[in-house]
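# An overview of the molecular structure
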Amino acid sequence: MEAAEKEEISVEDEAVDKTIFRDCSEIAFYRRQKQQLSKNTTYQALLDSVTTEQDSTRFQIISEANKTPLLVEVYGIEKNIFRLKINEETPLKPRYEVPDVITSKLRTVRLVSCPGDAGSLILTDGKGDLKCHISANPFKVDLVSENEAVISINSLGQLYFEHLQIPHKQRATKGNQESAPADTSQENQEDLGLWEEKFGKFVDVKANGPSSIGLDFSFHGFEHLYGIPQHAESHQLKNTRDGDAYRLYNLDVYGYQIHDKMGIYGSVPYLLAHKQGKTVAIFWLNASETLVEINTEPAVEYTLTQTGAAAAKQKVRCRTDVRWMSESGIIDVFLLTGPTPSDIFKQYSSLTGTQAMPPLFSLGYHQCRWNYEDEQDVKAVDAGFDEHGIPYDVMWLDIEHTEDKKYFTWDKKRFANPRRMQELLRSKKRKLVVISDPHIKVDPDYSVYAKAKEQGFFVKNPEGGDFEGVCWPGLSSYLDFTNPKVREWYSGLFAFPVYQGSTDILFIWNDMNEPSVFRGPELTMQKNAVHYGNWEHRELHNMYGFYQQMATAEGLIRRSKGQERPFVLSRSFFAGSQKYGAVWTGDNAAEWNYLKISIPMLLTLSVSGISFCGADVGGFIGNPETELLVRWYQAGAYQPFFRGHATMNTKRREPWLFGEEYTRLIREAIRERYTLLPYLYSLFYRVHMSSEPVMRPLWVEFPDDLETFSVDDEYMLGSALLVHPITEPQTTMADIFLPGSNEVWYDSKTFAQWKGGCTVKIPVTLDTIPVFQRGGSVVPIKTSVGKSTGWMTDSPYGLRLALSTQDSAEGELYLDDGHSFQYLHQDQFLHRRFSFCSGVLINRCADEKGHYPSKCIVEQILVLGLRKKPSSVTTRSSDGKVQPAAFTYHTKASALSLEKLSLSITDDWEVHIR
């Protein structure tokens, strides 16, 4: 939205103006596909057409309604993944297939056919028990494990495929393919949006007619589904009604409505299904507008026969049906078969990549506002953090830092000496992030615009000229990031000689990249705009921001000659965006319900591959009451991306502006974040290497605990910490579910012990957030906090041990230089593993190939759950030297505290507690 429009919206407005955005009933391809239910469009597989290639099995399917065959390809992929592709065999022109998301050439597994019933084809990889059972008439695919169907495809007969058509003007009188509904009256064509689709004053002209696709999937025995971000909704996906599908269409929705299935800033067409003992997933690789319908049929028992007093009953498993509908492209779907949540995360990352390893500073606290006014304002805010003893790492500048909203420039009056400003931040070991949006001001005297126009680097309109739309600078053109040459050129704009005034502490924020077009349909780009390769925008809309973030990250790497890790925050995203940086939940409001909904939103992003995610602390729109602001800082301190942000028409809200008591509370929350940085950084290494999310819903850690499956008001940070943010005002008592009947949990503040598998009531004051450490874990911390992460490089470590019911614990620490790729290219890292058993704590190397010099020592160890006071504590170094250690035992808390240790983090050592 334009600034004036945005400022007119009151934070009290509960709903976004939905007249700007379409609901499902206003989406033509949705109406067409829903009409299909009343028509006979059954497909049949032609098994006599089966051919077996080196990497796939192929065959044709055909429907009575349309005699033109479709080509089906089935692939087996390593890690127990199946891929199904359905396309026109001979389309009028190639249909769009999503590039650049799948990480590399997939390693396929040759599928072999097994004996089966007549009219069916059974494929297996020859190793596991997974089989792909293809029925010919009607066409259906069952993924079978242990002789039970796990996922069925097209069992409801909702396969839908609109063939490309010759435009009306070129159409011959006979022989044309026709896949649209038979009623082609002018009125019906308009209603179905076959060649033109109207919304308000906008008309979407479709050069090759309707091209939508759809397919149904049934999950047998599953009723808990997750994924398909981004929506301001519960973590567990809900059943949909007609006209109420989950929409995946990236849009700039200012102050989005919560508990709503409308599409907002990002889209990941990836859905997980979970039950006790099994997790599976579907990745629908399509970047056009997509709708997802969900319906769960509960388990039922019914009587088969009546014999005397006894009734024979048969139980029918619950089943959840999911229908995917996309406006264009092909059907290209990956079936991930688990069986565990951890397996699913690895399978998905093998397709789309793991979370990029972030630079350490980006895990600190970020201070942002639209806008810090000038260099003096930046200097004063930076000094305010130091004056009030609050650590922070990154200052952010929004669009007002530029000259007339022209990116890669600086306002000559307000930011006359950007290098000096950055050197001030550098002296504090801090960084700067500035905004760079995809729209480029139409101005022949603006070098970025002039060079891009000269080289034809903008998205085109249907007539062949540059597409122009209105955004922050006024009339703008939009860079075509789908073009590799444009991405290469754009990456080069971040080079220090090109981006005047930039230094190596400057990093980037990509905003408005859905893309946002203020006067466009639904505030975005028209669908018949034209991209590289002559592809219409409708084919790839949801990937536009993905490509900008990709180009930006590459630019920051290139400017450092491949040495330094980038940091790029993007508002818009797609599957695979995790490879390039962080995302956030967009323009939220300073209201309690937005704090509350941020937790399931972040959990959904996390299980969908994007671990580096956060929500604007305090709410972007409006002025938070002070209690809400404190509670939001407390929540954000335990979430992956931690940034305070506010829009320009709000009151200033730096942490020290609310009185000393509230300053203290916010300071404590931020300092606790910095204390936990070793644990957080280790979690990011783990997600980078093995795909385990940083922020996890309880069901991921407790996959057989049915009570966890619907919980989304608390979460695990890694496997060791359970966090229950307070999201209601004036809370004095919190009901907290502690999972795992065999688990023991420790209150991180009072050290009180709680048995798992129950809900406990915890007294709450404004200075506490309920955080519990899981028995059996070791959490590494920093024992002192500096002004920023840069001041803490050599600060000592502490270890927080929480003993399990077996009096054991384990954990890990990952350490590197925090900024370069040397951990990857030169094995410059330390990976240590801590284990406690039989009264002995051992520090050992977890990865022998890693080496990194560190002056750090472990100076504190806290052991929770030690049942009796030890008679002695000694340390044993790697050379066998034994020394006594001073200790304090807290009888009431059953906690042992060791202080003033000097144990090198790089060496092997042991601590013996007798």
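Residues numbered from 1 in each chain as written. Predicted model: local features only at pLDDT ≥ 70, side-chain atom pairs only at ≥ 80, totals over all residues. Heavy atoms only, no water.

### Details of the overall build of the protein chain
Of the regular secondary structure elements, the protein chain holds 16 helices and 57 strands. Over its C-alpha trace the protein chain gives a radius of gyration of 29 Å, about what one expects of a compact globule, namely 29 Å for 914 residues. The contacts in the protein chain between residues at least 6 apart in sequence include a share of 71% that link residues at least 24 apart. For the protein chain, the accessible surface area stands at approximately 34000 Å², while carbon and sulfur atoms represent 49% of it. Distance between charge centres in the protein chain, computed from 99 positive and 119 negative side chains, equals 4 Å. (Helix = DSSP H or I, 4+ residues; strand = E, 2+ residues; numbered from the N terminus. Rg over C-alpha atoms; globule rule 2.2 N^0.38 Å. Contact = heavy atoms within 4.5 Å. Areas by Shrake-Rupley, 256 points an atom, 1.4 Å probe, with all protein chains shown as cover. Lys, Arg positive; Asp, Glu negative; His and termini not counted. Charge placed at Lys NZ, Arg CZ, Asp CG, Glu CD.)

### Concerning helix 11 (residues 592-607)
Helix length check: helix 11, at 16 residues, gives a terminal C-alpha distance of 24 Å against a target of 22 Å (1.5 Å per residue), a fit within 8%. Counting buried residues in helix 11 gives 14 out of 16 residues, a clear majority hidden from the surface. G609 sits one or two positions beyond helix 11 and adopts a positive phi of about 95°. (Expected span 1.5 Å × (residues − 1). Buried < 20%, exposed > 50% of the residue type's maximum accessible area, 1.4 Å probe, protein only.)

### Some remarks on the UniProt feature "domain: Glycosyl hydrolase family 31 C-terminal" (unreviewed entry) in the protein chain
With numbering matched to this structure, UniProt assigns "domain: Glycosyl hydrolase family 31 C-terminal" (unreviewed entry) to residues 692-779. The span residues 692-779 shows a helical share of 5% and a strand share of 39%, and its end C-alpha atoms are spaced 17 Å apart. (UniProt positions renumbered as here; feature names shortened; annotations may be inferred.)

### Looking at the sheet that holds strand 24 (residues 366-367)
In spatial order, the strands read 35-34-33-30-26-25-24-37-36; together these nine strands make up an open sheet with parallel pairing. Of all the strands in the sheet, the pair left with one neighbour each is strand 35 (613-614) and strand 36 (616-617). Across two bridges, strand 24 lies against strand 25 (residues 394-397) in parallel orientation. Following the sheet pairing, Q367 is matched in strand 25 by M395. (Pairing = 2+ DSSP bridges.)

### What about the pattern of salt bridges?
Counted by the stated rule, this structure contains 69 salt bridges. For D244, the salt bridge identified is with K261, shortest N-O distance 3.1 Å. Taken together, the positions of D244 in the loop between strand 15 (224-227) and strand 16 (246-248) and K261 in the loop between strand 16 and strand 17 (270-275) put the pair 17 residues apart, joining distant regions of the chain. K261 shares its class with D244; the two are buried. Two residues, K596 and E728, come together in a salt bridge whose shortest N-O distance is 2.9 Å. Placement of the pair is K596 in helix 11 and E728 in the loop between strand 40 (721-723) and strand 41 (733-738), with a sequence separation of 132 residues. Looking at E728, the relative accessible area reads 37%, which means it is partly exposed. Because the salt bridges share partners, they merge into one network encompassing R22, E197, D204, K206, R247, E289, E327, E522, K527, E536 and R538. (Salt bridge = Lys/Arg side-chain N within 4 Å of Asp/Glu carboxyl O.)

### Notes on the sheet that holds strand 27 (residues 439-441)
The strands that make up a sheet are held in pairs by hydrogen bonds between backbone atoms, and each pair lies either parallel or antiparallel. Read across the sheet, three strands follow the order 27-29-28 without closing on themselves; strand pairing throughout is antiparallel. Among the strands making up the open sheet, the edge pair consists of strand 27 and strand 28 (468-471). Shown here is a sheet whose adjacent strand axes are inclined to one another by a mean of 55°, direction ignored. Judged from the three bridges that link them, strand 27 and strand 29 (residues 474-478) form a sheet pairing that is antiparallel. Bridge assignment links K441 to a residue of strand 29, and that residue is S476. (Axes fitted to C-alpha atoms, helices over the stretch in contact; angles between N-to-C directions.)

### Structural notes on the state of the cysteines
By definition, a disulfide links the sulfur atoms of two cysteine residues through a covalent bond. Considering all chains together, one arrives at zero disulfides under this definition. Between C132, a cysteine without a disulfide, and C114, which holds the nearest cysteine sulfur, the sulfur-to-sulfur distance is 11 Å. Judged by relative accessible area, which is 5%, C132 ranks as buried. (Disulfide = S-S within 2.5 Å.)

### As for helix 4 (residues 341-352)
Over its 12 residues, helix 4 runs 17 Å from end to end, which matches the ideal 16 Å to within 8%, given 1.5 Å per residue. Taken together, the buried positions of helix 4 are P341, I344, F345, Q347, Y348, S349, L351 and T352. Just downstream of helix 4, G353 is the residue with a positive phi angle, here 100°.

### Regarding the nonpolar core
Counting residues in hydrophobic clusters, the biggest one holds 174 residues, and the most contacted among them are F283, F334, L479 and F567. Examining the composition of this core, we find that 10 residues originate from one element, helix 11, more than from any other. Apart from the residues lying within four places of it in its own chain, the contact partners of F567 are P359, F361, S362, H366, W396, V433, F507, I508, L556, A582, F612 and F641. The next biggest cluster of nonpolar side chains, apart from the first, holds 47 residues, and it includes I153, L248, A273 and I294. (Core = buried A, V, L, I, M, F, W, Y, C linked by side-chain atoms within 4.5 Å.)

### Things to note about the packing of aromatic side chains
Enumeration according to the criterion identifies 48 aromatic pairs in this entry. Seen from their ring centres, F283 and F334 are 5.7 Å apart, and the 25° between their planes marks the pair as stacked. Here the residue F283 occupies a position in strand 18 (residues 278-284), and F334 occupies one in strand 23 (residues 331-336), the gap between them amounting to 51 residues. F334 matches F283 in its accessibility class, with the two residues each being buried. On the basis of an interplanar angle of 55° and a centroid distance of 5.3 Å, the ring pair of W370 and W472 is categorised as tilted. Linking W370 in the loop between strand 24 and helix 5 (375-387) with W472 in the loop between strand 28 and strand 29, this pair joins segments that are 102 residues apart in sequence. Grouping aromatic residues by their ring pairs yields a cluster made of F361, W396, F507, W509, F567, W584, F612, F641 and F684. The aromatic ring of Y75 is capped on one face by R83, whose charged end is 5.9 Å from the ring centroid. Above the ring of Y249, the side-chain terminus of K527 is found at 5.0 Å from the ring centroid. (Phe/Tyr/Trp six-rings, centres within 6.5 Å; stacked < 30°, edge-to-face > 60°. Lys NZ or Arg CZ within 6 Å of the ring centre and 35° of its normal.)

### Concerning the environment of A207
When you line up the elements, A207 lands in the loop between strand 13 (202-205) and strand 14 (213-220). Relative accessible area serves as the criterion here: at 41%, A207 is assigned to the partly exposed category. Sequence separation between A207 and E196 is 11 residues, and the spatial gap between their C-alpha atoms is 9.0 Å. In this structure A207 touches P167, W195 and E536, once residues within four positions along its chain are discounted.

### Some thoughts on the packing of helix 12 (residues 626-636) against helix 13 (residues 660-675)
Contact geometry for helix 12 and helix 13: axes closest at 8 Å, N-to-C directions at 10°. One way to sum up the angle between helix 12 and helix 13 is to call them roughly parallel. Across the interface between the two elements, T626, L629, V630, Y633, Q634 and G636 of helix 12 pack against Y662, L665, I666, A669, I670 and R673 of helix 13. Counted by class, the contact of helix 12 with helix 13 contains eight nonpolar, three polar and one charged residues. (Parallel < 35°, antiparallel > 145°, perpendicular 65-115°, else oblique. Nonpolar A, V, L, I, M, F, W, Y, C, P; charged D, E, K, R; others polar.)

### Observations concerning the pairing of strand 18
The side chains of a regular strand alternate, residue by residue, between the two faces of the sheet. By the criterion of burial, strand 18 is predominantly enclosed, with seven of the seven residues buried. Note: strand 17 against strand 18, six bridges, orientation antiparallel. Looking at strand 18, one finds that A273 is bridged to V280. Across four bridges, the pairing between strand 18 and strand 23 is antiparallel. Following the sheet pairing, A281 is matched in strand 23 by L336.

### Points about the side chain of H163
Summarising the element assignment, H163 is placed in the loop between strand 11 (160-161) and helix 3 (186-192). Taking relative accessible area as the criterion, H163 reaches 1% and is therefore assigned buried. Of note is the side chain of H163, whose polar atom sits 3.1 Å from the side chain of E88. (Polar contact = N/O pair within 3.5 Å; in protein donor to acceptor, adjacent residues only side chain to side chain.)

### Some remarks on the packing of helix 11 against helix 12
At their nearest, the axes of helix 11 and helix 12 sit 10 Å apart, and the two run at 10° to each other. Between helix 11 and helix 12, the interaxial angle falls into the category roughly parallel. Across the interface between the two elements, W592, Y594 and L595 from helix 11 touch E627, L628, R631, W632 and A635 from helix 12. Classifying every residue of the contact of helix 11 with helix 12 gives six nonpolar, no polar and two charged.

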